[in-house]
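Read off the chains here:
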There are 2 protein chains.
Amino acid sequence: MARAGLTAERVTIAGAELADEVGLDRVTMSQVARRLGVKDASLYSHVRSLEDLRGRIALLAADEKTIRIAEATAGRSGKDALIAFADAWREYAHQHPGRYMATQTPIQIDPELAADAPGPRRAVELTYGMLRAYGLAEPDLTDAVRLLRSTFHGFVALEAAGGFAHARSPQHSWVRALDALHALLEHWPPSREGDSS
Amino acid sequence: MARAGLTAERVTIAGAELADEVGLDRVTMSQVARRLGVKDASLYSHVRSLEDLRGRIALLAADEKTIRIAEATAGRSGKDALIAFADAWREYAHQHPGRYMATQTPIQIDPELAADAPGPRRAVELTYGMLRAYGLAEPDLTDAVRLLRSTFHGFVALEAAGGFAHARSPQHSWVRALDALHALLEHWPPSREGDSS
DNA sequence: TTTGCTTTCCTAGGATCTCTAGGTTATATC
DNA sequence: GATATAACCTAGAGATCCTAGGAAAGCAAA
């Protein structure tokens, strides 16, 4: 019997494709096996469990998203970089809803696997790099990075969950949110604040 | 045989408790039934399916979160209200991680069920009310509401997913994020922007 | 070629899960 | 008490996850 040439990576990609097509929680070992023309038991030589597979999909997504962002922001700075960064993030989430959702699951990823996955760490570094132009110093820098990442993630997550019902198009709100964040970064409030009106 | 007194609401609450204890994706019909001292088939008189149950948990969470926020912001305004609003949101997510995660699933909730669940809509109204003090007019108001909700959700979601690795405590970043959002709302950038440096 | 090792993929099967069909029995109402 | 309406049950089909152990494909060396 000819071999299918399975590998952990190919199984992960098949799972990721399935997640994008039918939704992450419809990704089952059986379905992935079926897509690969293989029996479900065969997958367990490459992937420890369904949970492990989901973790791998999450890491794949993080890596891919990071690469997209790196490409989009290359050679840009300031507001240009901010917009390129944010748009690349959002576009990835739109194009790969299943993979993106995998990144939202509480951390249960095999540590040794995560170790040589550059995605998440590199993404944070990229964010730091982008913010250098705004002249922030630690710890404000870290706080700003976290604020940006929260907003980007929150926006696309709410968008995906149907949180922005009707009325105004999300695209408009997105553009304005980036305007606002840019303005905010240029006038980052000083640390010691009492109660100004 | 004595009856258990099941009802759609009690089933939902049992599912929500289970979600908080063991994680949303470990909530099964069998487990919920076991917790209620009942056979799994009995649940289907009250809840259409597992997916339906998850939808109900999501609505329950939205309602509960809204109530907490309403209580926390009552009688406050301006930055006080903003902080109370945000802290209530985040505390709910911390106290009820499973329920909160249920709200993140793509919308598949029974429309007629959602109709008389005041949670989501009321939450948006509360956000609008809180922002009145900042003197924003439409469509900036809607954009600001969406930005705030995105940031709040994104922050707690990243926090829950282990996104804020080490170093600086999330609590510090949270306080600073609220400072920043307050400053932003007080100086919301005008709509037509070219390329200022 | 032959021998042997390693890895890949398989069959078989236990445990658990979702959900349906249909039967009992508790409870409320007359 | 009689009766209707639920609530809850048993039984079972179909899928799922995952393990154990076997067959066979590919590779290396004699």
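Residues numbered from 1 in each chain as written. Chains lettered and ligands numbered in written order. Predicted model: local features only at pLDDT ≥ 70, side-chain atom pairs only at ≥ 80, totals over all residues. Heavy atoms only, no water.

Check the secondary structure of chain A and you find nine helices and zero strands. Each helix and strand of chain A, placed in order from N terminus to C terminus, yields the pattern α-α-α-α-α-α-α-α-α. With respect to the three principal axes, the spread of C-alpha positions in chain A is 70 × 40 × 35 Å. Here chain A holds 197 residues, and the buried ones make up 50% of them. Restricting the contact set of chain A to residue pairs at least 6 apart, pairs at least 24 apart contribute 67%. Split by element, the accessible area of chain A, about 9,600 Å² in all, is 52% carbon and sulfur. Counting 23 positive and 26 negative side-chain charges, chain A places the centres of these two groups 5 Å from one another. (Helix = DSSP H or I, 4+ residues; strand = E, 2+ residues; numbered from the N terminus. Buried < 20%, exposed > 50% of the residue type's maximum accessible area, 1.4 Å probe, protein only. Contact = heavy atoms within 4.5 Å. Areas by Shrake-Rupley, 256 points an atom, 1.4 Å probe, with all protein chains shown as cover. Lys, Arg positive; Asp, Glu negative; His and termini not counted. Charge placed at Lys NZ, Arg CZ, Asp CG, Glu CD.)

As a matter of local geometry, DNA strand D sits amid 23 residues, with R3 and L50 of chain A together with A4, G5 and S42 of chain B nearest to it. If you look at DNA strand D and keep only atoms within 4 Å of the protein, 69% of those are sugar or phosphate atoms. Within the backbone of L50 of chain A, an N or O atom sits 2.8 Å from a phosphate oxygen of DNA strand D. S42 of chain B places a side-chain nitrogen or oxygen 2.4 Å from a phosphate oxygen of DNA strand D. (Near = heavy atom within 4 Å. Polar contact = N/O pair within 3.5 Å; in protein donor to acceptor, adjacent residues only side chain to side chain.)

Attention now goes to helix α3 (residues 50-73) of chain B. Between its first and last C-alpha atoms α3 of chain B spans 35 Å; for 24 residues at 1.5 Å apiece the expected length is 34 Å, and the two agree. Two residues or fewer past α3 of chain B, G75 of chain B is found with a positive phi of approximately 80°. (Expected span 1.5 Å × (residues − 1).)

Once that is clear, we can look at helix α9 (residues 170-186) of chain B. For the α-helix, the turn length of 3.6 residues means that residues three or four positions removed from each other point alike. Compared with the 24 Å implied by 1.5 Å per residue over 17 residues, the 24 Å span of α9 of chain B between its first and last C-alpha is a close match. Of all 17 residues that make up α9 of chain B, 12 are buried, and the element is covered over most of its length.

The next thing to look at is the interface of chain A and chain B. The interface of chain A with chain B comprises 45 residues on the first partner and 45 residues on the second. For the pair chain A and chain B, the two sides together bury roughly 3,700 Å², of which 56% comes from carbon and sulfur. Counting across the chain A and chain B interface gives four salt bridges. Here R168 of chain A ties to D143 of chain B by a salt bridge, and the two come within 2.6 Å at their closest N and O atoms. Viewed at the interface, chain B and chain A are joined by 14 residue pairs in polar contact (both at pLDDT 80 or more). Mapped by element, the contributors of at least two residues to the side of chain A that touches chain B are α8 (140-160) and α9 (170-186) of chain A. Among the elements that make up the side of chain A that touches chain B, the one with the highest residue count is α8 of chain A (14 residues). In terms of residue class, the side of chain A that touches chain B is made up of 19 nonpolar, 15 polar and 11 charged. (Buried area = accessible area lost by both parts, 1.4 Å probe. Salt bridge = Lys/Arg side-chain N within 4 Å of Asp/Glu carboxyl O. Nonpolar A, V, L, I, M, F, W, Y, C, P; charged D, E, K, R; others polar.)

A few words now on the UniProt feature "domain: HTH tetR-type" (unreviewed entry) in chain A. Under the present numbering, the feature "domain: HTH tetR-type" (unreviewed entry) in UniProt falls on residues 5-65 of chain A. For residues 5-65 of chain A, helix accounts for 64% and strand for 0%, while the C-alpha atoms at its two ends are 27 Å apart. (UniProt positions renumbered as here; feature names shortened; annotations may be inferred.)

Mapping between the two copies of the chain is achieved by a rotation about an axis and a shift along the axis. The operation relating chain A to chain B is a screw motion whose rotation component is 180°, with 0.0 Å of axial translation and a residual RMSD of 0.1 Å. Between the two chains, the operation in question is that of a two-fold axis. Minimal C-alpha distance to the rotation axis in chain A is attained by G154 of chain A, lying at 1.8 Å. An overlap of 98% is found between the interface residues of chain A and their copies at the interface of chain B, pointing to a shared contact surface. (Least-squares fit on C-alpha atoms with pLDDT ≥ 70 in both.)

Attention now goes to the UniProt feature "DNA-binding region" (unreviewed entry) in chain A. Listed under "DNA-binding region" (unreviewed entry) in the UniProt record, and renumbered for this structure, are residues 28-47 of chain A. Secondary structure across residues 28-47 of chain A divides into 40% helix and 0% strand, with the first and last C-alpha atoms of the span separated by 13 Å.

What follows deals with the packing of helix α4 (residues 78-95) of chain A against α9 of chain A. All names here are of chain A. Axis separation between α4 and α9 bottoms out at 10 Å; the angle between their running directions is 140°. The angle between the axes of α4 and α9 places the two elements in the oblique class. Regarding α4 and α9, the two cross each other, and that crossing is right-handed. From α4, K79, L82, I83, A86, D87 and R90 reach across to α9, where they touch P170, Q171, W174, L178, D179, L181, H182 and L185. Broken down by class, the residue content of the contact of α4 with α9 amounts to eight nonpolar, two polar and four charged. (Axes fitted to C-alpha atoms, helices over the stretch in contact; angles between N-to-C directions. Parallel < 35°, antiparallel > 145°, perpendicular 65-115°, else oblique. Left-handed = near helix turned anticlockwise from the far one by under 90°.)

In this structure, T151 of chain A sits in helix α8. Judged by its relative accessible area of 2%, T151 of chain A falls in the buried class. Beyond its immediate sequence surroundings of up to four residues, T151 of chain A is in contact with L181 of chain A together with L147, S150 and T151 of chain B.

All right, on to the packing of aromatic side chains then. Any two aromatic rings considered together are summarised by their centre-to-centre distance and by the angle between their planes. With the rule as written, the count across this model stands at 12 aromatic pairs over all chains. Residues W89 of chain A and F152 of chain A carry aromatic rings whose centres are separated by 5.6 Å and whose planes lie at 65° to one another, so their mutual orientation is edge-to-face. Taken together, the residues span a long stretch of sequence, with W89 of chain A in helix α4 and F152 of chain A in helix α8 at a distance of 63 residues. Look at W89 of chain A and you get buried, because its relative accessible area is 1%. Grouped by ring-pair contacts, the aromatic residues F85, W89, F152, F155, F164 and W174 of chain A constitute a single cluster. Just above the ring of W89 of chain B sits the side chain of K65 of chain B; from NZ or CZ to the centre is 3.4 Å. (Phe/Tyr/Trp six-rings, centres within 6.5 Å; stacked < 30°, edge-to-face > 60°. Lys NZ or Arg CZ within 6 Å of the ring centre and 35° of its normal.)

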